[in-house]
Amino acid sequence: MLRFDDLQLFVRTAESGSLSAAARLLDVSPAVASAALKRLEQQLQVRLLARSTRSLRLTPEGELYLVHARLALQSLEEGRQQLIGSQQGICGVLQLSAPSDLGRNTLLPWLDAFQAEHPQLQLRLLLADRVADLFREPVDIALRYGAPEDSSLVALPVAPDNRRVLCAAPAYLARHGAPRTVEELGGHNCLLYMLHGRVHDRWRFQSGKRETLLTVAGNRVSDDADVTRRWAVAGQGVVYKSFLDVADDVREGRLQVLLPDWQGEPTPLYLVCAHRAQLSKAVHLLREFLQRRCQRLLEAAPWR
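Basis of the calculations
- Residues numbered from 1 in each chain as written.
- Predicted model: local features only at pLDDT ≥ 70, side-chain atom pairs only at ≥ 80, totals over all residues.
- Heavy atoms only, no water.
- Axes fitted to C-alpha atoms, helices over the stretch in contact; angles between N-to-C directions.
- Helix = DSSP H or I, 4+ residues; strand = E, 2+ residues; numbered from the N terminus.
- Parallel < 35°, antiparallel > 145°, perpendicular 65-115°, else oblique.
- Left-handed = near helix turned anticlockwise from the far one by under 90°.
- Contact = heavy atoms within 4.5 Å.
- Pairing = 2+ DSSP bridges.
- Expected span 1.5 Å × (residues − 1).
- Buried < 20%, exposed > 50% of the residue type's maximum accessible area, 1.4 Å probe, protein only.
- Arc of directions from axis to C-beta.
- Disulfide = S-S within 2.5 Å.

Trainee: Go over the packing of helix H8 (residues 243–251) against helix H9 (residues 281–298) with me, naming the residues and quoting the values.
Mentor: Where H8 contacts H9, the axes come no closer than 9 Å and their chain directions differ by 55 degrees. The angle between H8 and H9 places the two elements in the oblique class. Handedness of the H8/H9 crossing: left-handed. On H9, the residues that touch Phe243, Leu244, Ala247, Asp248 and Arg251 of H8 are Cys294, Leu297 and Leu298.

Trainee: Report on the sheet that holds strand E5 (residues 141–145), specifying residues and quantitative values.
Mentor: The strand order across the open sheet formed by 5 strands is E4-E3-E5-E16-E6, and the pairing between neighbours is mixed. Unpaired on one side and paired on the other, strand E4 (121–127) and strand E6 (154–159) mark the two borders of the sheet. Averaged over all neighbouring strand pairs, the angle between strand axes comes to 25 degrees, with direction disregarded. With 7 bridges connecting them, strand E3 (residues 92–98) and E4 associate as parallel partners. Bridged to Gly92 within E4 is Leu121. The strands that helix H5 (residues 100–117) touches are E3, E4, E5 and strand E16 (269–273); relative to E4, the one it contacts most, it runs at about 175 degrees.

Trainee: Account for helix H3 (residues 30–44), naming residues and giving values.
Mentor: It helps to recall that an α-helix has 3.6 residues per turn; residues three or four apart then point in one direction. When the terminal C-alpha atoms of H3 are compared, their 21 Å separation across 15 residues agrees well with the 21 Å that a helix rising 1.5 Å per residue should span. Turning to H3, its buried residues number three or more, namely Ala33, Ala36, Leu37, Leu40 and Glu41. Angularly, the buried residues of H3 cover 130 degrees about the axis, an arc narrow enough to put them on a single face. With respect to the buried face of H3, the exposed residues turned more than 90 degrees away are Ala31 and Gln42. Phi turns positive, to about 60 degrees, at Gln45, one or two residues after H3.

Trainee: Describe the environment of Arg24, listing the residues and the values that go with them.
Mentor: Mapped onto the elements, Arg24 comes out in helix H2 (residues 19–25). Residues Arg24 and Ile90, spaced 66 residues apart in sequence, show a C-alpha to C-alpha distance of 34 Å.

Trainee: Please provide a residue-by-residue account of the state of the cysteines, values included.
Mentor: Considering all chains together, one arrives at 0 disulfides under this definition. No disulfide involves Cys167; its sulfur sits 11 Å from that of Cys190, the nearest cysteine. With no disulfide partner, Cys273 has as its closest neighbouring cysteine sulfur the one in Cys294, 17 Å distant.

Trainee: So, the pairing of E5: which residues are in play, and what are the values?
Mentor: Counting buried residues along E5, 4 of its 5 residues qualify, which places the element largely inside the surrounding structure. As paired elements, E3 and E5 share 2 bridges and run parallel to each other. The residue bridging Leu96 from the neighbouring strand is Ile141, located in E5. Relative to E16, E5 runs antiparallel, the two sharing 4 bridges. Looking at E16, one finds that Arg144 is bridged to Tyr270.

This is how it looks when you write it as structure tokens:
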């Protein structure tokens, strides 16, 4: 069986280019280091390093094996850190990206409660409706509506049965009345959202086996989803939003769900990251926490 210290000695030797230097780094004698390297080569039945009195270099087999040795050591270290985390609770910095509306109006108080349960955890919250580049930006995980198009990303469901709903404020309905059919939306001021320069003016609805897709129009467009919700609450028009974004407004009577017999399009909420190595204990605990909170909101959804 391969020994951890033998792998470590091999990697340090390859990185430093010197067996004696690797021995000093690991605080062992040159004789112990040499024996460890020989033992590893015997177990693998291959020469990893070409050695002479003046030089040391990796063999082609050594270069190939070095990649796997590094990955093995990295995996063992990650396992050790997770064990430490499970014994001491979660700590460190968690960088989270979230949509503007969900982040400002729903997520903020939830994160207060989550951090109160885990006071050693530091949070960095980035709010934006544009999709964060998880490979380039300083973000560990992101909350996103809809499954990511990039299949290389890791996506964990948080609220898979969330949908969009059509709603308006009582003040708007008092002036203009409520639409009785989907087609009547053509006569209403629809508050629109824009992302990446494209206005989302095609609203999809379903009732049983019937499905309809219509193009709507209005006098206000914003690239901030929170702004469209605020306009709706102020009585400026009809809005088509994720139920998670407007659940509190509906409960408090600031907005009223319209055409409840017609279901809006699915808008599942996911927790997304670039690599599975980022699925730390903190991420798993946050996901479970968010799942519970979302489930409570969705219990009042009109399609339930």
